[in-house]
Amino acid sequence: MSFDGEGAGSHAAVFTLTCPACKGTGTFHTWDCIDGTRDPALRLRILTDETLFFYECPHCKAQIHMESPCLYIDRNQKYMVWHIPDLTVPVTSQEVCDFLGQPSFDDYTCRVALTWGEWREKIIEMESAYDDRIYEIIKFGAYQLIKEEDRQRLLLEAYHLDYADESRRSDQLALVFMQEHQKGMGYTYEITSKVLEVTRDIFMPLLERLSAVSEKAAFERRGYAWAQHFMTYAMKAASAGNGREAYGQLIGFWIQTLGQELFHADIKMPESQQNKI
Ligand SMILES: [Zn+2]
């Protein structure tokens, strides 16, 4: 499938579906590409309308949350986030070039997301002034700070990043912990500019070293699992280098900052934990 990338904005897609509830067939109208630059109304729906990717069965009126692929593109901020519900589908920038009819997206940052929720979250991160990986590192670090018993009811799958309030300002984002079995109930912790600055100062040099070896226009998943890998790598790099003690202190300072700024709590760090998360 391809269409004229220069002239086109978003691109509609139509699927014939069989309803899992009543087995009746129907037609699902959706998009396989949303151009946030040319289609600001659709961009807003991604961010605010939970029913955007719902299919309603014309026979029994069942509402079904659809997970069909969709590419989001922002031509001003030069990034793309591709929602691909199947991890086994290969994702290359060449496919995007063919799809959008544009020879190259070399100067674009490209991300891939597995679910609609992750896709929306990534778009919010990409619109902010900070590198999306900084948010993922904060998100990972903050989850390590909650108590084990709280993790049982504040499930990782429902833990996400969102706007801090209804004003939807990209410089006011928050971590949202949802409670299991209590729909719509959760805790919101605003990510302060101090948390962002401290995290950036400590981790950006390492991230830049990593970016230098990976090409820009490759679609990569940069979520919680990535942050976990990255922190393991950061810890290893820290304990191997000459500045081992200094880096351990920096990590300790970072954890203290997360605790104070996000949870207004002082984190006690036992000596043996200083090089671990
Ligand atoms: Zn039905």
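Model, not experiment: these values are computed from the prediction.

J.: I'd like a description of the packing of aromatic side chains, backed by residues and values.
T.: Going through the model one piece at a time under the given rule, you end up with 21 aromatic pairs. Look at Tyr 189 and Phe 263: their rings are 4.8 Å apart centre to centre, the planes differ by 80°, and that puts the pair in the edge-to-face class. Placement of the pair is Tyr 189 in strand S10 (residues 186-190) and Phe 263 in helix H8 (residues 244-263), with a sequence separation of 74 residues. Put simply, the rings of Phe 140, Tyr 143, Tyr 159, Phe 177, Tyr 189, Tyr 224 and Phe 263 touch in pairs and so form one group of aromatic residues. In this structure, Lys 139 is placed above the aromatic ring of Tyr 159, and the distance from its NZ or CZ to the ring centre is 5.7 Å.

J.: A description of the nonpolar core should follow, citing residues and the corresponding values.
T.: In terms of nonpolar packing, the biggest core is built from 57 residues, with Trp 119, Ile 138, Ile 191, Phe 203, Phe 230, Trp 254 and Leu 262 touching the most fellow members. Among the domains, domain 1 (1-127) and domain 2 (130-215 + 222-277) are the pair contributing at least three residues each to this core. Excluding anything up to four places from it in sequence, Phe 203 contacts Ile 137, Phe 230, Met 231, Ala 234, Tyr 247, Ile 251 and Trp 254. One finds Ile 73, Trp 82, Val 96 and Val 112 within the second-largest nonpolar core, a separate group that totals 16 residues.

J.: Residues and numbers for the packing of helix H7 (residues 224-240) against H8, please.
T.: Contact geometry of H7 with H8 gives a least axis separation of 8 Å together with a crossing angle of 145°. Residues Met 231, Ala 234, Met 235, Ala 238 and Ser 239 of H7 lie in contact with H8, whose contacting residues are Arg 244, Tyr 247, Ile 251 and Trp 254.

J.: Describe the confidence of the model for the chain, listing the residues and the values that go with them.
T.: Considering every residue of the chain, the mean pLDDT works out to 87; 91% of them sit at 70 or more. Contacts for the low-pLDDT stretch residues 1-7, under 50 throughout, to residues beyond four places or in other chains number 21 contacts.

J.: Let's hear about the side chain of Ser 68: which residues, and what values?
T.: Structurally, the position occupied by Ser 68 is in the loop between strand S4 (63-65) and strand S5 (70-74). Here Ser 68 falls in the buried class, since its relative accessible area comes to 6%. Among residues more than four places away in sequence, those in contact with Ser 68 are Phe 15, Phe 28, Thr 30, His 83, Pro 85 and Trp 116.

J.: Describe the pattern of salt bridges, with residues and values.
T.: Scanning the model with the defined rule gives 18 salt bridges in all. For Asp 49, the salt bridge identified is with Arg 45, shortest N-O distance 3.0 Å. What makes Asp 49 partly exposed here is its relative accessible area of 22%. In this structure, the salt-bridge partner of Arg 151 is Glu 148, at a minimum N-O distance of 3.8 Å. Remark: Glu 148 and Arg 151 occur in helix H5 (residues 148-153); sequence separation between them is three residues, near one turn of the helix. It is possible to trace a salt-bridge network through shared partners that takes in Arg 111, Lys 122, Glu 125, Asp 132 and Glu 136.

Quick notes on the rules
- Residues numbered from 1 in each chain as written.
- Predicted model: local features only at pLDDT ≥ 70, side-chain atom pairs only at ≥ 80, totals over all residues.
- Heavy atoms only, no water.
- Phe/Tyr/Trp six-rings, centres within 6.5 Å; stacked < 30°, edge-to-face > 60°.
- Helix = DSSP H or I, 4+ residues; strand = E, 2+ residues; numbered from the N terminus.
- Lys NZ or Arg CZ within 6 Å of the ring centre and 35° of its normal.
- Core = buried A, V, L, I, M, F, W, Y, C linked by side-chain atoms within 4.5 Å.
- Buried < 20%, exposed > 50% of the residue type's maximum accessible area, 1.4 Å probe, protein only.
- Domains from an automatic or database assignment.
- Contact = heavy atoms within 4.5 Å.
- Axes fitted to C-alpha atoms, helices over the stretch in contact; angles between N-to-C directions.
- pLDDT = per-residue confidence, 0-100.
- Salt bridge = Lys/Arg side-chain N within 4 Å of Asp/Glu carboxyl O.

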